[in-house]
Amino acid sequence: MAESFRPFVASGLTAAERVDAACRLAIVGKLACRDIATWLRGAAINEPEFRLLWLLSGSGNGAAECSLDQADLAERLVVSPAQVSGAVERLRNLGLLERVQHERDRRRQLWRVTNTAGELLGQIVSQVACPHERREEAA
């Protein structure tokens, strides 16, 4: 999954163009993290935990809710397995994640969001909504 976010690896751009594009994306990423941190003020979760819940909820791409193991989460979030482990434990203790049995491999621990997490994500999204979006949702 992380490979799909590396658009310039085999893109035909010159080395300088690839470096420039990567630097621009790094800036955009930092600004996005700041926005997320602002939206989470007063919430019980931080930015990496939010991204983990958002991924599992399927909200980011309109997909259905999914269950993933910690290795898949680390790869998709582009963080270390240790960071995912800490976030999963904290979110589980907050009642925002639940463990799911893998269909074929009982040793694998899959995680999915709880209804409480869905409600929290909904509250965060409603705080982010522009005034015209709030009017449309109320109608």
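Cut-offs and rules
Residues numbered from 1 in each chain as written. Predicted model: local features only at pLDDT ≥ 70, side-chain atom pairs only at ≥ 80, totals over all residues. Heavy atoms only, no water. Pairing = 2+ DSSP bridges. Helix = DSSP H or I, 4+ residues; strand = E, 2+ residues; numbered from the N terminus. Axes fitted to C-alpha atoms, helices over the stretch in contact; angles between N-to-C directions. Parallel < 35°, antiparallel > 145°, perpendicular 65-115°, else oblique. Contact = heavy atoms within 4.5 Å. Nonpolar A, V, L, I, M, F, W, Y, C, P; charged D, E, K, R; others polar. Phe/Tyr/Trp six-rings, centres within 6.5 Å; stacked < 30°, edge-to-face > 60°. Buried < 20%, exposed > 50% of the residue type's maximum accessible area, 1.4 Å probe, protein only. pLDDT = per-residue confidence, 0-100.

*Asks:* Is there a simple way to think about the sheet that holds strand β1 (residues 68-69) in this case?
*Replies:* Hydrogen bonding along the main chain pairs the strands of a sheet, whether they run parallel or antiparallel. With antiparallel pairing, 3 strands are arranged side by side in an open sheet as β1-β3-β2. Every other strand in the sheet has two partners, leaving β1 and β2 (97-101) as the edge strands with one partner each.

*Asks:* Just checking my understanding: could you explain the packing of helix α2 (residues 47-57) against helix α5 (residues 115-128) for this structure?
*Replies:* To characterise two packed helices, one gives the angle between the axes of the helices and the distance between these axes. Where α2 meets α5, the axes come as close as 11 Å, and the angle between the chain directions of the two elements is 110°. Here α5 runs roughly perpendicular to α2, going by the angle between their axes. Of the residues in α5, those touching α2 at F50, L53, W54 and S57 are A117, L121, I124 and V125. Of the residues in the contact of α2 with α5, the class split is 7 nonpolar, 1 polar and no charged.

*Asks:* Can you help me understand the packing of aromatic side chains in this one?
*Replies:* The geometry of an aromatic ring pair comes down to the distance between the two centres and the angle between the two planes. In total, this model carries 1 aromatic pair according to the counting rule given. Ring centres of F50 and W54 lie 5.6 Å apart, and the angle between their planes is 25°; on these two criteria the pair is classed as stacked. Of this pair, F50 and W54 are both found in helix α2, 4 residues apart, which corresponds to roughly one turn of the helix. With a relative accessible area of 27%, W54 lands in the partly exposed category.

*Asks:* Teacher, can you tell me more about the confidence of the model for the protein here?
*Replies:* Caution is warranted with low-pLDDT regions, since their predicted coordinates should not be read in detail. Considering every residue of the protein, the mean pLDDT works out to 84; 81% of them sit at 70 or more. Least confident of the elements in the protein is helix α6 (residues 131-138), whose mean pLDDT is 56; most confident is helix α4 (residues 81-93), at 94.

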